[in-house]
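The chain contents come next:
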Amino acid sequence: MAKDTVRYPDDVVDEIDALVEDGMFESKSEFYRFSAEYVLTLIDPDHEPETFNFDEIKAELEIDPSAAAGVGTDGGTFFLEAVITVRKHGLRGDFESAERFIDSHYSPTDQECLILEELLGSYRSGPG
């Protein structure tokens with residue numbers, strides 16, 4: 001097994017120490033191994049975790065699979081990607097493409113839809 005040294009902010013280490021003290025993880029090493037493997041499974045669905053008891057730890061943590069569904073492989077969320085897409089179309093004056101994008105990905109009453117439509121409206125009205 002390879003060994004790698006990584007530096008974390010003190011606040012992050014404090015949170016991890018608290019999880020170990022509470023017994024959620026047996027050690028900091030277990031936390032780090034599980035965390036890395038879990039992120040890899042989100043990025044690559046074909047990744048096979050090698051961490052001992054990975055499935056048991058995941059089940060104990062009661063991780064909601066849908067919680068990570070909106071996270072892109074670059075760490076961004078789908079909503080952030082949507083803002084970028086609408087902005088790109090808005091800057092180019094391609095309002096129909098932006099509307100199609102919003103309509104195909106969001107329900108009209110969805111809070112994110114309303115925000116994207118407001119953003120698009122700001123490009124329609126132009127500068128100040």
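My aim in this report is to walk through the structure given alongside it, one point at a time. Please read all numbers here as calculations on a predicted model, not as lab measurements.

Definitions and limits used
Residues numbered from 1 in each chain as written. Predicted model: local features only at pLDDT ≥ 70, side-chain atom pairs only at ≥ 80, totals over all residues. Heavy atoms only, no water. Salt bridge = Lys/Arg side-chain N within 4 Å of Asp/Glu carboxyl O. Helix = DSSP H or I, 4+ residues; strand = E, 2+ residues; numbered from the N terminus. Buried < 20%, exposed > 50% of the residue type's maximum accessible area, 1.4 Å probe, protein only. Phe/Tyr/Trp six-rings, centres within 6.5 Å; stacked < 30°, edge-to-face > 60°. Contact = heavy atoms within 4.5 Å.

### Topic: the pattern of salt bridges
For side chains of opposite charge, pairing can occur when their charged atoms come near one another.
Argument step 1. Applying the stated criterion across every chain yields a total of 2 salt bridges.
Argument step 2. A salt bridge links lysine 28 to aspartate 17, with the nearest nitrogen and oxygen atoms 3.4 Å apart. Taken as a pair, lysine 28 in helix 2 (residues 28–43) and aspartate 17 in helix 1 (residues 10–21) lie far apart in primary sequence, 11 residues in all.
Argument step 3. The class of aspartate 17 is partly exposed, set by a relative accessible area of 23%.
Argument step 4. Close ionic contact of glutamate 99 with arginine 124 constitutes a salt bridge, the shortest N to O distance being 1.9 Å.

### Some points on the packing of aromatic side chains
Argument step 1. In total, this model carries 8 aromatic pairs according to the counting rule given.
Argument step 2. Ring centres of phenylalanine 31 and tyrosine 32 lie 5.7 Å apart, and the angle between their planes is 75 degrees; this geometry places the pair in the edge-to-face category.
Argument step 3. The class of tyrosine 32 is partly exposed, set by a relative accessible area of 24%.
Argument step 4. Summarising the aromatic geometry, the rings of phenylalanine 78 and tyrosine 106 are spaced 6.2 Å apart at their centres and angled 40 degrees between planes, so their arrangement reads as tilted. Residue phenylalanine 78 is found in helix 4 (residues 78–91), and its partner tyrosine 106 is found in the loop between helix 5 (95–105) and helix 6 (111–125); the two are separated by 28 residues along the sequence.

### Overview of the environment of arginine 87
Argument step 1. On the secondary structure map, arginine 87 appears in helix 4.
Argument step 2. Of the residues examined, arginine 87 reaches a relative accessible area of 45% and is grouped as partly exposed.
Argument step 3. With 33 residues separating them in the primary sequence, arginine 87 and leucine 120 have C-alpha atoms 7.1 Å apart.
Argument step 4. When residues no more than four places from it in sequence are discounted, the contact partners of arginine 87 are Leu119 and Tyr123.

Keep in mind these values describe shape, not function.
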